[in-house]
Structures are given as C-alpha cells and as structure tokens.
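This is what each chain is made of:
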Amino acid sequence: MSTNASLFERAQRVIPGGVNSPVRAFRAVGGTPRFITRAQGAYIWDAEGRRYHDYIGSWGPMILGHGHPDVLEAVQKAAMDGFSFGAPTEREIELAEEILKLVPSAEQVRLVSSGTEAGMSAIRLARGYTGRNKIIKFEGCYHGHADALLVKAGSGLATFGHPTSAGVPAEVVQHTLVLEYNNLAQIEEAFATQGSEIACVMIEPIAGNMNFVRASVPFVQRIRELCDQHGALFVFDEVMSGFRVALGSAQSIYAKALPGFKPDISVFGKVIGGGMPLAAFAASREIMSKLAPLGPVYQAGTLSGNPVATACGLATLKLIQQPGFFDKLSLSTRNLMDGFTLAAREAGVPLVADCEGGMFGFFFAESLPQNYQTVMARGSDTFNRFFHLVLERGVYLAPAMYEAGFVSAAHTEQDIADTVAAAAEAFRLL
Ligand SMILES: *Cc1c(COP(=O)(O)O)cnc(C)c1O
C-alpha cells in the first residue's frame, strides 16, 4: 500500500511541490499532505485508508457532501451523451436560467471553467464597459490568479500595488489599487482623488480567503454610492460565497440590510459547478451586451458550458433549493462554531468564530478581525498545532489559518458532535 509520505515523495518528482494548487502542499501548517482516494457524504479517505470528516469540501463546491445520488445520476447520464461538443446545448440555457432565477441582480450570465477565468473576464468587461483602466481591490481578498489581481498594497494610498508573484510585470498591476478591507476613509480618498478613472471596485463580500471576514454594511453601502456617483462598477466576487452563505448568495444578505442593493457584476464558481470545473460571471443585459459576439469585449472558452459540468452544476443548484435546505445547513454550521467556541472557553483558549450558511471561520483571538492585517497579526503557531491535533483525530480542516471552512448538507448532528469532541481534546492539549 502507498503511504501519504511515499506518494508525496513520488509526486514531488513529477509535479512542482507535489501539488497542482499550492495550498494543498501543507506548507503553511507543515507535515505531509493527505492523498485522497475517495469521498462519500461528509467524509474523505486517504491513501492509508484513514477516514476524515471533511470541512474543505473541495474548497467549497461540495455543498451537498460527496456523491449525492441525484448528482451522480445527472453526471453519468450527461457523460453517456458526450463529454464536450464545442457547440451550444440546452443544458447551458437551463443552468443560466437557474442562476438568474436565484440572483435577481443579473439578467445574463456567461459560463466559464474556473473562478480565475470568471474574475479576469469580469474585470475586462468592467474596463471595456466603462472605458477606464483602474481597478480597486482589497488586501486579503483573492480573486483568482489573473496577473492584474496578483497584487499587494503599495506603500501609500496614492501609489498603486506591487505584484505578489514573480512573472507579473509592474506595468500590469499599475492600474490596480489595493486598499484595506472595511476601511471607509481609504475608499473615500481613492474616489476623491481618482474617481473618474476607476472602472470597478471588486470585493469578496464575505471574504473567505482571509479566513472569514465580513464586509461591514456601511462599507458596502458607501462603495455602492461612490461607484454610482463616479460611474464605476461594483463587482461582487461570490466564487466562494455564492450559493454557499445563502440561496441568494452574499448579495441577498446585503440586500436585506440595504433594500434595493445590488452589485453590477457578480462572479460565481465553486458551488455552481458542484465539484466540476465550472464558473460564471453575470450582470445586467446592458453590461453583458458588451461581450463578444455582441460587443467589443472578447472572451471565449473551448470547454465553457461543458455538458458534463453543467449537468453537475444544475443538479446541485436544484437540490440546494429544497425547502429548509439552508436552514438545516446553517444550523449545522452554527452548532459546529458554537461547539468550538464553548470547548475553547472551557479549555481557557481564546477563540472567536463566525459563520453564514455553510461557511465558517474561527480565530485564536479575543475579537473578530475586520481586515487582513488583524487576521495575520496573531501568527499561525496556535492554529497550526490545532490543525494537526484535529487531523490526527480524523478532522480535515483547511491547511492554513487564513482559509474559511465549509460544512455540507451531508454532515449529521453526530458528525458535528464528533468534530466538536475532537476539537475539545485539541484545545485542552494546546
Ligand atoms: C476560489 C476563488 C477564486 C478562484 O477560483 P478558481 O476556480 O480556483 O480559479 C476566485 N475568487 C474567490 C473569492 C475564490 O474563493
């Protein structure tokens, strides 16, 4: 039998770092990544036959848990009819109709294959629509690995960002302004000084790439106003939060607090593919009409709207609309986080947690952070020790303290209770 260690060694010979996406390598937490052989419901099994409670769910897509019979049937049926045609299909229309039904802010949607592609295309569309170059993003938000978005804050507000990756020319990010999340003064100043040049503001409304940090309602409201005043577009990157924090995605939560609120462009991925490579961006008909073949903004994809992926996404979106689905999912997630908080308190470990729908985050801190600086301020030692303690007890959390976690509909009360018991032991050992 292969062990995780022997597979990792073999993988590193032929794949850079042994992985096809960096965070899987366990660099942040140390140790050997688990090589997964199969998954079912709320569990995954590694190459050594060990079972884990899965709180990554492929980084968000597996909201139903693994191997839901209806999804399997849809995928198998679609595969029998053909993998890819490079021509339009009715299923793409059905998936577009389903997405638009759940996201009233948009009138048209285009399907692509990854969140990176969707985010990159949304930026191009915003620039093409407004005829402007500058974009604003926030520190700690991840929007995929397109060049213009791999950028960290510059030294001062007036300066543009620096590339966070080798291979990205400074010229490519010179139009990307990186501001602090939830900082009203900075966004005010940015629009006051260069409002007429800003194509769009892109945000993760509930940021899951710095653990779990919500954009405050006044922050979202003020960005909406500033975009309207200055003719910029507001782009909600809901690749992670979409159909995950609520059936109507994060934007439905902000629309409750701010009646009539809507973003101009929404970006989706993860849940809408149900575990297959599928993502999308959506907006009003007016904005979307700028896209080729109707308009001058070019965007395309050989496998876009792939028939097997759309079958998987469609079956997933149908199932999450069952009555009470999000109530039950939210309750499981809430119980998990309440369980962690209580167990930590009993062990004398400072811990705060937050969650929405099937997405959660917890911090070894006294209060919930509001931006990237405060997320990172605590250092990762405690989290990393906790991560390995629960992993040894069969609980698979995201292997980095700055990543959100996910609960699926397949997680039972018993799963949550077992997980909380494992966490309680870990807190006592910290
Ligand atoms: C995962 C993610 C992306 C990138 O999606 P990929 O499918 O990995 O390219 C973009 N934005 C957010 C908010 C994400 O969580």
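Residues numbered from 1 in each chain as written. Predicted model: local features only at pLDDT ≥ 70, side-chain atom pairs only at ≥ 80, totals over all residues. Heavy atoms only, no water.

A. Quick look at the overall build of the protein. If you tally the helices and strands in the protein, you get 14 helices and 18 strands. At 21 Å, the protein has a C-alpha radius of gyration in line with the 22 Å of a compact globule built from 430 residues. Expressed along its principal axes, the backbone C-alpha trace of the protein runs to roughly 55 × 55 × 50 Å. A total of 430 residues make up the protein; the buried ones form 55% of that total. (Helix = DSSP H or I, 4+ residues; strand = E, 2+ residues; numbered from the N terminus. Rg over C-alpha atoms; globule rule 2.2 N^0.38 Å. Buried < 20%, exposed > 50% of the residue type's maximum accessible area, 1.4 Å probe, protein only.)

B. Structural context of the site of the ligand. Around the ligand, a shell composed of Ser 114, Gly 115, Thr 116, Tyr 142, His 143, Gly 144, Glu 204, Asn 209, Asp 237, Val 239, Met 240 and Lys 270 is seen. Tyr 142 is positioned with one of its backbone polar atoms (N or O) 3.2 Å from a nitrogen atom of the ligand. Within the contact set of the ligand, an oxygen atom lies 2.6 Å away from a side-chain nitrogen or oxygen of Lys 270. For the ligand, whose unbound accessible area comes to 380 Å², protein coverage reaches 82%. (Near = heavy atom within 4 Å. Polar contact = N/O pair within 3.5 Å; in protein donor to acceptor, adjacent residues only side chain to side chain. Areas by Shrake-Rupley, 256 points an atom, 1.4 Å probe, with all protein chains shown as cover.)

C. Region of the structure containing empty space enclosed by the protein. For the coordinates displayed, the defined rule picks out two cavities of 30 Å³ or more. One number sums up the size of the largest cavity: a volume of about 80 Å³. At three residues, strand 16 (residues 359-363) tops the list of elements feeding residues into the lining of the largest cavity. Partitioned by chemical class, the residues of the lining of the largest cavity number eight nonpolar, three polar and one charged. The calculated volume of the second largest cavity comes to roughly 40 Å³. Around the second largest cavity, the lining residues are Gly 41, Ala 42, Asp 54, Gly 57, Met 62, Gly 65, His 66, Phe 406, Val 407, Ser 408 and His 411. Partitioning the lining of the second largest cavity into residue classes produces four nonpolar, six polar and one charged. (1 Å grid on protein atoms, 1.4 Å probe; cavity = no way out; pocket = protein on both sides within 12 Å on 5 of 7 lines; lining within 4 Å. Points joined across faces, edges and corners; volume = space filled by probe spheres on them. Nonpolar A, V, L, I, M, F, W, Y, C, P; charged D, E, K, R; others polar.)

D. How the structure looks around unusual backbone geometry. The peptide bond linking Ala 292 to Pro 293 adopts the cis configuration, its omega dihedral lying at 10°. Counting through the fold element by element, Pro 293 comes out in the loop between helix 9 (285-288) and helix 10 (307-319). Positioned with a positive phi, Trp 59 is a non-glycine residue whose angle comes to about 70°. Tracing the backbone through its elements, the reader meets Trp 59 in the loop between strand 3 (51-54) and helix 2 (69-81). One non-glycine residue with positive phi stands out, namely Ser 249, at about 70°. In this structure, Ser 249 sits in helix 8 (residues 249-257).

E. Inspection of the pairing of strand 3 at higher detail. Relative to strand 3, strand 2 (residues 43-46) is paired through three bridges, and the arrangement is antiparallel. Across the sheet, the residue bridging to Trp 45 is Arg 51, located in strand 3. The hairpin turn running from strand 2 into strand 3, its antiparallel successor, is four residues long, and Gly 49 in that turn takes a positive phi close to 80°. Where strand 3 and strand 17 (residues 395-396) come together, two bridges link them in parallel fashion. Across the sheet, His 53 pairs through a bridge with Val 395, a residue of strand 17. (Pairing = 2+ DSSP bridges.)

F. Structural context of the pattern of salt bridges. In total, this model carries 12 salt bridges according to the counting rule given. Of the charged contacts, one joins Asp 338 and Arg 334 as a salt bridge, the two residues approaching to 3.7 Å between their closest N and O atoms. Of this pair, Asp 338 and Arg 334 are both found in helix 11 (residues 325-346), four residues apart, which corresponds to roughly one turn of the helix. For Asp 338, a relative accessible area of 39% puts it in the partly exposed group. The class of Arg 334 is partly exposed, set by a relative accessible area of 35%. For Glu 425, the salt bridge identified is with Arg 393, shortest N-O distance 2.7 Å. With Glu 425 in helix 14 (residues 413-429) and Arg 393 in the loop between helix 13 (381-392) and strand 17, this residue pair connects regions lying 32 residues apart in the sequence. Given the relative accessible area of 37%, Glu 425 is considered partly exposed. (Salt bridge = Lys/Arg side-chain N within 4 Å of Asp/Glu carboxyl O.)

G. Up close: the sheet that holds strand 3. Overall, mixed pairing links the four strands, which are arranged 1-2-3-17 in an open sheet. Here the strands that pair on one side only, and so sit at the sheet edges, are strand 1 (36-40) and strand 17. Pairing of strand 1 with strand 2, which is carried by four bridges, proceeds in the antiparallel orientation. Looking at strand 2, one finds that Ile 36 is bridged to Asp 46.

H. Molecular detail of the sheet that holds strand 14 (residues 279-283). Taken in spatial order, the seven strands line up as 4-14-13-12-9-5-8 in an open sheet, and their pairing is mixed. Across the chains shown, the open sheet's two edge strands, defined by having one partner strand only, are strand 4 (108-112) and strand 8 (176-179). Going across the sheet, the axis of each strand differs from the next one's by a mean of 20°, ignoring polarity. Here five bridges tie strand 4 to strand 14, and the two strands are oriented antiparallel to one another. Residue pairing across strands places Val 112 opposite Ala 279, the latter belonging to strand 14. Packing against the sheet, helix 7 (residues 217-230) makes contact with strand 5 (134-138), strand 9 (198-203) and strand 12 (233-238), and its axis sits at approximately 140° to strand 12. (Axes fitted to C-alpha atoms, helices over the stretch in contact; angles between N-to-C directions. Contact = heavy atoms within 4.5 Å.)

I. Expanded view of the layout of surface pockets. Reported here for the second largest pocket is a volume of approximately 470 Å³. As for the second largest pocket, its lining consists of 23 residues, and the residues nearest its centre are Pro 88, Glu 92, Leu 111, Ser 304 and Gly 305. Secondary-structure elements contributing two or more residues to the lining of the second largest pocket are helix 3 (90-102) and strand 4. A per-class count over the lining of the second largest pocket returns 11 nonpolar, 10 polar and two charged.

Everything listed is a geometric property; what it means functionally is a separate question.
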